[in-house]
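# Coordinates in review
What follows is each chain in one-letter form.
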Amino acid sequence: MKTVKKALITGITGQDGSYLAELLLSKGYEVYGMYRRVSTETFERINHIKAKLNLICADLADQASLIHTLKDIQPDEIYNLAAQSFVPASWTQPTLTGDITALGATRVLEAIRIVNPKIKFYQASSSEMFGKAVETPQKESTPFYPRSPYGVAKVYAYWITKNYRESYGLFASNGILFNHESPRRGRQFVTRKVTESVAKIKLGLQKELFLGNLDAKRDWGFAGDYAEAIWKILQHKKPDDFVVATGETHSVRELCEVAFSHVGLDWKGHVKVDKKFFRPAEVDILIGDASKAKRELGWEPKVKFKQLIGMMVDEDLKAQKMLMK
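Anyway, here's the lowdown on the structure attached to this text. These numbers were taken from a predicted model, which means no experiment stands behind them. Sequence order sets the numbering: in each chain, residues are counted from 1 along the sequence as written. It should be noted that, the model being predicted, local features are given only for residues of pLDDT at least 70 and side-chain atom pairs only at 80 or more, the latter also being counted only at that level, while totals for whole chains, interfaces and linings use all residues. Side-chain measures here rest on the full set of heavy atoms in the structure, leaving out hydrogens and waters.

## Considering the nonpolar core
As used in this record, nonpolar core signifies buried Ala, Val, Leu, Ile, Met, Phe, Trp, Tyr and Cys residues forming a set joined through side-chain atoms within 4.5 Å. Under the scheme applied here, a residue whose accessible area is under 20% of the maximum for its type counts as buried, over 50% as exposed, and between as partly exposed, the area being computed with a 1.4 Å probe on protein chains only. One finds Ile9, Leu20, Leu24, Tyr79, Tyr122 and Ile309 to be the most contacted residues of the largest nonpolar core, which totals 61 residues. Whether two residues are in contact is decided by their heavy atoms, any of which lying within 4.5 Å being enough. When sequence neighbours within four positions are dropped, the list of residues in contact with Leu20 reads Ile9, Tyr79, Leu81, Ala227, Ile230 and Trp231.

Set out below in structure tokens:
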């Protein structure tokens, strides 16, 4: 009789957690999701699959809760997606960002070491680790130069994952994911801020959109595609680190042009630059080289940039129309 695999996802209520949970359920996994106890529950991204999930209340800041969770579940795989992941907030909450994003990963690894060193571990690393990139495109061997407390915390989590792998023989891997978006993206992130504003402007609910650096360039992919890469990393024959990216870069200005033109509007008549949205230390351009993931994992991004932004605008239009009823 075939044993059903168990997976634990930290940060299951987030964008990536919801797409990964869907994927694992489709592959027959028993899926456990870890969430923090807060006054207002935010299960909107997983409501459609909530009945199929096993939700566990625990916290990356609480070592004991992680150890108890692993002992109770005995998972085969852990996907550590939880973090304080909004870069601007890391400047106003640098200590919290370090505690959750950096030390949180350490606590999960330590729980694995104590409870069962055979559990496979995935760490959600970030292109923000490259920051002021020393080479373009960025690949696995590119030196890190983080430009925010968030980027610094992710570098720590990346290296502690490698250290536990090399020191304790854990199957611990890093996925260095470049920006990935979807209709489930948080409203504070620039892509969702743009697409939701486009929907509101089209429907006459808003007139202007205020943004920061329009020249910043990012490698934007679809979160659903990246969930597949995350899963493939833990199915690889050995633990390793992989860049996951589209290999294309687009500016915030291009993002605005594509989003507004999708509904027949000229972005120049609505977008205004506001200095308060500029970062203290700007990251000018990020573009990833995912040739290793393509070669060793057989992974390829499927959704193109314009298709992704159009999908997001359409969903935000639908959502705003529902609110207007």
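## Focus: the packing of helix H4 (residues 94-115) against helix H5 (residues 149-168)
Two elements in contact, H4 and H5, have axes whose closest approach is 8 Å; the angle formed by their N-to-C orientations is 15°. Our classification of the angle between H4 and H5 gives roughly parallel. Between H4 and H5 the crossing geometry is right-handed. For the pair H4 and H5, the contacting residues are Pro94, Thr97, Gly98, Thr101, Ala102, Leu103, Ala105, Thr106, Leu109, Glu110 and Arg113 in the first and Pro149, Tyr150, Ala153, Lys154, Tyr156, Ala157, Ile160, Thr161, Tyr164 and Tyr168 in the second. Among the residues forming the contact of H4 with H5, the class breakdown is 13 nonpolar, 5 polar and 3 charged. Axis lines are fitted through C-alpha atoms, for helices just across the contact stretch, and the angle between N-to-C directions can take any value from 0 to 180 degrees. Numbering of helices and strands runs from the N terminus; a helix is a DSSP stretch of H or I covering at least four residues, while a strand is a stretch of E covering at least two. Reported orientations rely on four angle classes, namely roughly parallel under 35 degrees, roughly antiparallel over 145, roughly perpendicular from 65 to 115, and oblique for the rest. Should the near helix be turned anticlockwise from the far one by less than a right angle, the crossing is termed left-handed; should it be turned clockwise, right-handed. Any residue that is not Ala, Val, Leu, Ile, Met, Phe, Trp, Tyr, Cys, Pro, Asp, Glu, Lys or Arg is counted as polar, Gly included; the first ten are nonpolar and the last four charged.

## Section: helix H7 (residues 223-235)
The end-to-end C-alpha distance of H7 is 19 Å, a good match for the 18 Å that 13 residues give at a rise of 1.5 Å each. With 10 of 13 residues buried, H7 lies mostly within the body of the structure. Among the residues of H7, Ala223, Asp225, Tyr226, Ala227, Ala229, Ile230, Trp231, Lys232, Ile233 and Leu234 are the ones counted as buried. Multiplying 1.5 Å by the helix residue count minus one yields the expected span of that helix.

## Topic: the sheet that holds strand S3 (residues 54-57)
Taken in spatial order, the 7 strands make up an open sheet running S3-S2-S1-S4-S5-S6-S11, and their pairing is parallel. Edge strands, defined here as strands with exactly one partner in the open sheet, are S3 and strand S11 (241-244). Shown here is a sheet whose adjacent strand axes are inclined to one another by a mean of 20°, direction ignored. Here the rule is simple: two strands pair whenever DSSP picks up at least two bridges between them. Across 4 bridges, strand S2 (residues 30-35) lies against S3 in parallel orientation. Residue pairing in the sheet places Tyr32 in a bridge with Asn54 of S3. Sheet strands touched by helix H2 (residues 63-73): strand S1 (6-10), S2, S3 and strand S4 (77-80). Its angle to S1, the strand with the most contacts, is close to 160°. Of the strands in this sheet, S4, strand S5 (120-126) and strand S6 (172-177) touch H4, which is tilted by about 170° from S5.

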